[in-house]
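# Secondary and tertiary structure notes
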Amino acid sequence: MQENDDDQRLPHHKNPPEYVSLDQLANLGVLYWKLDPEKYENDPDLNKIRQDRGYSYMDMLDLCPEKVDNYEQKLKNFYTEHIHADEEIRYCLKGSGYFDVRDKDDRWIRILIKAGDLIVLPAGIYHRFTLDTSNYIKLMRLFVGEPVWTPFNRPQENHPARKEYIKSMTDNVGVSLKVH
């Protein structure tokens, strides 16, 4: 993505645009499924993913100025680069937004998520989140066990989750990550 100081809710495409494949995201540990958001309550595909990956806890999050107190500050907090000790699992049911993740060369990759997109960010990956200009997204948040959503703002090179993430990436042939 093009890094600049424009509104974080804009697409920030490079000129010309550069696109990243799902395989390239998978090489960073980012997983993706396309599901039917209309049947999330009884979706056998979603249930299988939850069972296979141990996602036992689920809740819903509506993000928009009308439903979130101190909306602009919350959005700013989500957009601060950070990691988590656990996976971040989000299933978009309505609306849209962006997850930005760092590639192996420490460049941002912007991932548009919209209704039907289920994304898993691995523990220890530097990332951030923002809505797009629609200013609305409804997300299902999934967790293994009780929900823990503690952001650790960059730098976190000595955090155990970050060390494990870097190790998992360097164990992959031909993948290297810059460490700052």
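Residues numbered from 1 in each chain as written. Predicted model: local features only at pLDDT ≥ 70, side-chain atom pairs only at ≥ 80, totals over all residues. Heavy atoms only, no water.

This brings us to the environment of R90. Among the structural elements, R90 can be located in strand 4 (residues 88–102). Overall, the relative accessible area of 4% leaves R90 in the buried class. Between the C-alpha atom of R90 and that of M60, which follows or precedes it by 30 residues, the distance is 9.7 Å. Those residues in contact with R90, other than ones at most four positions away along the chain, are F99, D117, L118, I119, L139, M140, R141, L142, F143 and W149. (Helix = DSSP H or I, 4+ residues; strand = E, 2+ residues; numbered from the N terminus. Buried < 20%, exposed > 50% of the residue type's maximum accessible area, 1.4 Å probe, protein only. Contact = heavy atoms within 4.5 Å.)

Assignment of secondary structure puts T130 in strand 7 (residues 127–131). A distance of 2.9 Å separates a polar atom in the side chain of T130 from a polar atom in the side chain of Q8. Setting aside anything within four residues of it in sequence, one finds T130 in contact with Q8, R9, L75, Y79, G97, Y98 and R110. (Polar contact = N/O pair within 3.5 Å; in protein donor to acceptor, adjacent residues only side chain to side chain.)

This brings us to the pattern of salt bridges. Inspection of every chain in the model, using the stated rule, returns 19 salt bridges. Where E81 meets R102, a salt bridge forms, and the shortest distance between an N and an O atom there is 2.9 Å. Placement of E81 in the loop between helix 3 (71–78) and strand 3 (82–83) and of R102 in strand 4 is noted, with a sequence separation of 21 residues between them. Overall, the relative accessible area of 16% leaves E81 in the buried class. The class for R102 is buried, based on a relative accessible area of 13%. We note a salt bridge from R154 to D106, for which the minimum N-O separation is 3.2 Å. With R154 in the loop between strand 9 (152–153) and helix 4 (160–171) and D106 in the loop between strand 4 and strand 5 (108–114), this residue pair connects regions lying 48 residues apart in the sequence. (Salt bridge = Lys/Arg side-chain N within 4 Å of Asp/Glu carboxyl O.)

Take the pairing of strand 7 next. The side chains of a regular strand alternate between both faces of the sheet. Counting buried residues along strand 7, five of its five residues qualify, which places the element largely inside the surrounding structure. Side-chain alternation along strand 7 places H127, F129 and L131 on one buried face and R128 and T130 on a second face that is also buried.

This next bit is on the state of the cysteines. Between two cysteines, a covalent bond joining their sulfur atoms is known as a disulfide. Taken as a whole and judged by the stated rule, the model has zero disulfides. Sulfur of C64: no disulfide; nearest cysteine sulfur belongs to C92 and is 13 Å away. C64 sits in the buried class, given a relative accessible area of 4%. Residue C92 is classed as buried on the basis of its relative accessible area, which comes to 0%. (Disulfide = S-S within 2.5 Å.)

Once that is clear, we can look at the side chain of R102. Within the structure, the side chain of R102 is placed 2.9 Å from the side chain of E81, a separation counted as a polar contact. Beyond its immediate sequence surroundings of up to four residues, R102 is in contact with E3, L28, E81, R107, W108, I125, Y126 and R154.

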